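Secondary and tertiary structure notes
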Amino acid sequence: MNGIININKPKGITSFDVVRIIKKTLKMKKVGHTGTLDPMAEGVLPICIGKATKFAELIMSEEKVYRAEMKLGEITDTYDIEGEITETFDFSHVTEEEVIKVVNSFIKTYEQIPPIYSAIKVAGKRLYEYAREGKEVEIKGRKITIHNINNIEVNLPYIKFDVKCSKGTYIRSLCFDIGKELNAGGVMTSLIRLKSGIFNIEDSVEISEIEKKDIQDNIISIENIFSHLNELNLNEKFSKLVSNGVVIKDKALISSLEKNKQYRVYSFEREFIGLGELGENGFKIFKRYS
């Protein structure tokens, strides 16, 4: 069994818990998720099965859409409501108009500082490990992009909004940054991932009481995941070469291809080989399926 299933992760369990449930249900070892959701978060969590695990990194790089809620008036060490309160603020000066203006001001590309309670590695250790040990560590900003924010609802001290963002964005940090800009503090109180790449919450499968048949009926092939890419069918000669890792420079092939464009590549027997790209040195498979 090879492909991806779009799971609707509930609150209260980790992304790894979902992977463990799928592994147990299918009695398979090769199962992995495509981007961690915190235990308090819920929503879309694509799970790769079998050969699809090779493509997890590519799927993780897609844009995400979330429905977030935050609360003004306090800061916690985790940047969410489940953490220890480290500071409280008076937010009586904040108006609905100001909230909308500030929230919209984050539609941009900027250097976001991740929370100390996160899985990012610094010098070989997860940031949350430093936090639990009470050790200070320099956290560098990471360039992220907030593409859009809409459906803003203001019911102070609570603010809700939908956000479309790039890979690597921490919504907890976004809530913290909004609270800081308002000079009122801010913590995330809930988070639902509505979309991850082509996967959306309307088509997701509930993890509770899931059975093998549910997975089989809802699994999506890697070919379908990358159906937006142009298809490239190779003859017998080129099929054997690319399957052996050879970079093709033959004009009989590359003259019809666009540089730095990704292709779904098939053998002369119509077997899916993987994803290929024409670079400066020729055409090669950069992500192999077979």
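Every residue gets a number counted from 1 within its own chain, in the order that chain's sequence is written. Per-residue local features of the predicted model are confined to residues with pLDDT of at least 70, and side-chain atom pairs are confined, for both listing and counting, to 80 or more; whole-chain, interface and lining totals are unaffected and use all residues. Side-chain calculation: all heavy atoms of the structure are included, whereas hydrogens and water are not.

1. Examining the overall build of the protein
In plain terms, the rule: What counts as a helix is a DSSP run of H or I of at least four residues, what counts as a strand is a run of E of at least two, and both are numbered from the N terminus. For each residue, the accessible area found with a 1.4 Å probe, counting protein chains only, is set against the maximum for its type, and the residue is called buried under 20%, exposed over 50%, and partly exposed in between. Contacts: residue pairs with any heavy atoms within 4.5 Å of one another. Methods summary: accessible areas were calculated by the Shrake-Rupley approach with a probe of 1.4 Å, and residue burial reflects only the protein chains presented. Only four residue types enter the charge count: Lys and Arg as positive, Asp and Glu as negative, with His and the chain ends excluded. One atom stands in for each charge, and that atom is NZ of Lys, CZ of Arg, CG of Asp or CD of Glu.
Counting its secondary structure elements, the protein contains 9 helices and 18 strands. A burial count over the protein gives 45% of its 290 residues as buried. Across the protein, contacts joining residues at least 24 apart in sequence account for 67% of those joining residues at least 6 apart. In the structure as shown, the protein presents an accessible area of about 15,100 Å², 46% of it carried by carbon and sulfur atoms. For the protein, the distance from the average position of its 43 positive side-chain charges to the average position of its 42 negative side-chain charges is 9 Å.

2. A word on the environment of Tyr130
Note that Tyr130 resides in helix H4 (residues 127-132). Taking the C-alpha atoms as reference points, Tyr130 and Ile116, 14 residues apart in sequence, are found 7.9 Å from one another. Aside from chain neighbours lying at most four places away, what touches Tyr130 is Val122, Ala123, Lys125, Lys135 and Val137.

3. Some words on the side chain of Ser204
For the record, the criterion: Here a polar contact means two N or O atoms within 3.5 Å. Within protein one must be a hydrogen donor candidate and the other an acceptor candidate, and residues neighboring in sequence count only if both atoms are side-chain atoms.
Mapping Ser204 onto the fold places it in the loop between strand E13 (199-200) and strand E14 (205-206). With relative accessibility at 15%, the residue Ser204 sits in the buried group. Here Ile201 takes part through its backbone oxygen, which lies 2.7 Å from a polar atom of the side chain of Ser204. Excluding residues within four positions of it along the chain, Ser204 makes contact with Asn6, Ile7 and Asn8.

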